[in-house]
Amino acid sequence: MRHVLSAVVQNVPGVLAHVSGMLASRGYNIDSLAVGETEDPNLSRMTFVVVGDDRILDQVRKQLEKIVTVVKVDDISSRDFVERDLMLLKVDAPPGSKRTEIRELVEIFRARIVDVGPEELMIEISGRESKIEAFIQRMRPYGIFELVRTGRIAMVRGKSRQPKTEEEAEEQDEGLKKAAG
């Protein structure tokens, strides 16, 4: 089973190396990883995709929570969330009908041409993993020169923000219990 984990971590040097090293040393494979600063410049959010059963997920969470610089870990795959990947791709596109076909596919997939060379195009596309994969398959016959992808990013739907600490999570739970009456 595929799990999307969101970890809020202190925005300090070495956190990424520490977290990824810990997971690798225990034999857990990370399918995708993206890290970026949050609305609070002192914190970053790491979004992981790991594959495994609930036992593996539980072990990964426990190991992450032991790291001092990890503030909070949340399995968002069990909730309603939006996820996106970003990809840049350079494809063989000499002027003429081949380039026109590629431009049409770019429009259909709601991608963007971000650079035009004499014999190639650079395309930017974002969306769900399945959309990215489908676009790659459509571009292969044209000749992909280079391809680079971000890790997956994800955010839970709804107005309430994700708690950053255990205390905030408990306060949020208490508020929901009181509201439910």
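Remember, predicted model here, so these are calculated numbers, not experimental data. (Residues numbered from 1 in each chain as written. Predicted model: local features only at pLDDT ≥ 70, side-chain atom pairs only at ≥ 80, totals over all residues. Heavy atoms only, no water.)

S.K.: Mind showing me how you'd approach the overall build of the protein here?
M.R.: Within the protein, the regular secondary structure consists of 5 helices and 9 strands. Taken from the N to the C terminus, the helices and strands of the protein come in the order β-α-β-β-α-β-β-α-β-β-α-β-β-α. Counting the 181 residues in the protein, one finds 37% classified as buried. In the protein, the proportion of contacts linking residues at least 24 apart, taken out of those at least 6 apart, comes to 71%. When the accessible surface of the protein is summed, it comes to about 10800 Å², and 50% of that surface belongs to carbon and sulfur atoms. (Helix = DSSP H or I, 4+ residues; strand = E, 2+ residues; numbered from the N terminus. Buried < 20%, exposed > 50% of the residue type's maximum accessible area, 1.4 Å probe, protein only. Contact = heavy atoms within 4.5 Å. Areas by Shrake-Rupley, 256 points an atom, 1.4 Å probe, with all protein chains shown as cover.)

S.K.: Could you clarify how one ought to interpret the sheet that holds strand S2 (residues 30-37) in this entry?
M.R.: What holds strands together in a sheet is hydrogen bonding between their backbones, with the strands either parallel or antiparallel. Pairing is antiparallel across the open sheet formed by 4 strands, whose spatial order is S2-S3-S1-S4. Pairing within the sheet leaves two strands with one partner each, and these edge strands are S2 and strand S4 (70-75). Between one strand axis and the next, the sheet turns through 15° on average, direction left out of account. Note: strand S1 (residues 2-10) against strand S3 (residues 43-51), 9 bridges, orientation antiparallel. Considered in S3, the bridge of Val4 is made with Val49. Where helix H1 (residues 15-25) meets the sheet, its contacts fall on S1, S2, S3 and S4, and the angle it forms with S3 comes to roughly 20°. (Pairing = 2+ DSSP bridges. Axes fitted to C-alpha atoms, helices over the stretch in contact; angles between N-to-C directions.)

S.K.: Looking at this structure, how should I read the pattern of salt bridges?
M.R.: Two side chains with opposite charge may pair up if their charged atoms get near one another. In the structure shown here, the tally under the stated rule is 14 salt bridges. As a salt-bridge pair, Asp92 and Lys98 come within 2.9 Å of each other at their nearest N and O atoms. A single salt-bridge network, built from bridges that share partners, covers Arg2, Glu83, Asp85, Arg128, Glu129, Glu133, Arg149 and Arg152. (Salt bridge = Lys/Arg side-chain N within 4 Å of Asp/Glu carboxyl O.)

S.K.: Mind showing me how you'd approach the packing of helix H3 (residues 97-108) against helix H4 (residues 129-139) here?
M.R.: Packing of H3 against H4 brings their axes to within 11 Å, and their N-to-C directions diverge by 170°. Regarding the angle of H3 to H4, the classification is roughly antiparallel. Note on element contacts: H4 touches H3 through Phe135, Arg138 and Met139, opposite Ile102, Leu105 and Val106. Residue composition of the contact of H3 with H4, grouped by class: 5 nonpolar, no polar and 1 charged. (Parallel < 35°, antiparallel > 145°, perpendicular 65-115°, else oblique. Nonpolar A, V, L, I, M, F, W, Y, C, P; charged D, E, K, R; others polar.)

S.K.: Sorry if this is basic, but what is going on with the confidence of the model for the protein here?
M.R.: The predicted coordinates should not be examined in detail at positions where pLDDT is low. Averaged over every residue, the pLDDT of the protein is 87; the share at 70 or more is 88%. Considering each helix and strand of the protein separately, the mean pLDDT is smallest for helix H5 (residues 166-180), with a value of 54, and largest for strand S6 (residues 112-116), with 98. (pLDDT = per-residue confidence, 0-100.)

S.K.: Quick question: what am I supposed to make of a nonpolar patch on the surface here?
M.R.: On the surface, Leu88, Val114 and Val148 cluster together into a nonpolar patch covering about 210 Å² of accessible area. Residue placement: Val114 occurs in strand S6. The class of Val114 is partly exposed, set by a relative accessible area of 34%. (Patch = residues over 30% accessible without salt bridge, like charges linked within 9 Å, V, L, I, M, F, W, Y side chains within 5 Å.)

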